[in-house]
Amino acid sequence: MRSLFRPGSRPDPHILDDHRPEIRSLERRGLLRGGLSLGALTMLTGCDVGESSAVGKALRAVSSLNDGVQAALFDPNRLAPEYPESRVLKPPRFNAYYPIEEIRPVDGEAWRLEVAGLVENKRSWTRQDLAALPEKEIIIRHICVEGWDYIGQWSGVPLRTFLERIGADLKARYVSFKTADDYPSSIDMATALHPQTLLATRYARETLPDPFGYPLRLRTATKLGFKNPKWITAIEVGNVYQAGYWESRGFNWFSGL
Ligand SMILES: Nc1nc2c(c(=O)[nH]1)N[C@H]1C(S)=C(S)[C@@H](COP(=O)(O)O)O[C@H]1N2
Ligand SMILES: [Mo]
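- An unreviewed UniProt entry lists the protein under the name Oxidoreductase molybdopterin-binding domain-containing protein, with Methylobacterium hispanicum given as the organism.

**Concerning the layout of surface pockets**
Step number 1: For the largest pocket, the calculated volume is near 400 Å³.
Step number 2: Elements with a minimum of two residues in the lining of the largest pocket: strand S2 (136-144) and strand S3 (148-158).
Step number 3: Grouping the amino acids of the lining of the largest pocket by side-chain chemistry returns 14 nonpolar, four polar and five charged.
Step number 4: The computed volume of the second largest pocket comes to approximately 300 Å³.
Step number 5: If you trace the second largest pocket, you find 17 residues lining it, with Arg78, Ala221, Thr222, Gly256 and Leu257 closest to the centre.
Step number 6: The set of elements that each furnish at least two residues to the lining of the second largest pocket consists of helix H3 (52-73) and S2.
Step number 7: The element contributing the most residues to the lining of the second largest pocket is S2, with three residues.

About the criteria used
Sequence order as written defines the numbering, with residues in each chain counted from 1. Just so you know, chain letters begin at A and ligand numbers begin at 1, following the order they were written in. Selection of residues for local features in this predicted model requires a pLDDT of at least 70, selection of side-chain atom pairs for listing and counting requires 80 or more, and totals for whole chains, interfaces and linings are taken over all residues. Side-chain calculation: all heavy atoms of the structure are included, whereas hydrogens and water are not. Here a cavity is any set of points on a 1 Å grid over the protein atoms alone where a 1.4 Å probe fits but cannot get out, and a pocket is any open set with protein on both sides within 12 Å along at least 5 of 7 lines; a residue lines the site when it has an atom within 4 Å of a point. Grid points are joined across faces, edges and corners, and a volume is the space filled by probe spheres set on the points. For the purposes of this entry, the term helix denotes a DSSP run of H or I that reaches at least four residues, the term strand denotes a run of E that reaches at least two, and both are numbered from the N terminus. Classes in brief: Ala, Val, Leu, Ile, Met, Phe, Trp, Tyr, Cys and Pro nonpolar; Asp, Glu, Lys and Arg charged; the others, Gly included, polar.

Laid out in structure tokens, this is it:
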């Protein structure tokens, strides 16, 4: 294997460029300070990072180690701050991995929520079925890794209530989501069962507008914005890790607040 530190050999200075989001995510979380050098990464991980794929692997090792630490530190009883109704932003601020002009609204009549994995009852759900479940409202801060935030008012069935209703194995590790725009996402079970995690159907008491995930999105108060999939079409309970859209591009999976 090529060594970076052989006398006279110089690592390619652009080798880290493919991995900027991972590096930024590690920096943001205080795991890396003052910029990352290949030498530091090698010492941190014990990997020879002369190849771009090895850099990715090394960064993921640092990142996933931290997923476990973050999950262990997560306090299922700690509530995120809630805010008065006067501070709710109307309309909310839009974001997706594409511009707002490119959203393809979901047909609510034809829409079904599919349920899969470690659950007793796999029948699919209509909007009317969901509306019959008990609801909760939360006014919480949405924080996007891009560096903006807003306070939003969300209502819908607590994910815990829904998981209990479908007879999900609440000891499973993950709850994963599929969406109409191909934005897979997954969260840990402790977060799924947290009292401030909803399957939201309304914003500011009105039906969710199309850009914000109509007819169903996740809203959790304990994670960054990107962990809140919009336009959900399927929920799966299981023990197999499924990376989300941004996680496969280097962002940290746990991404708790
Ligand atoms: N299906 C889907 N969900 C998504 C995204 C996306 O591109 N597609 N973007 C995420 C990101 S990065 C953010 S910040 C929030 C934005 O939600 P908002 O438009 O309600 O503010 O949605 C998240 N959920
Ligand atoms: Mo985001």
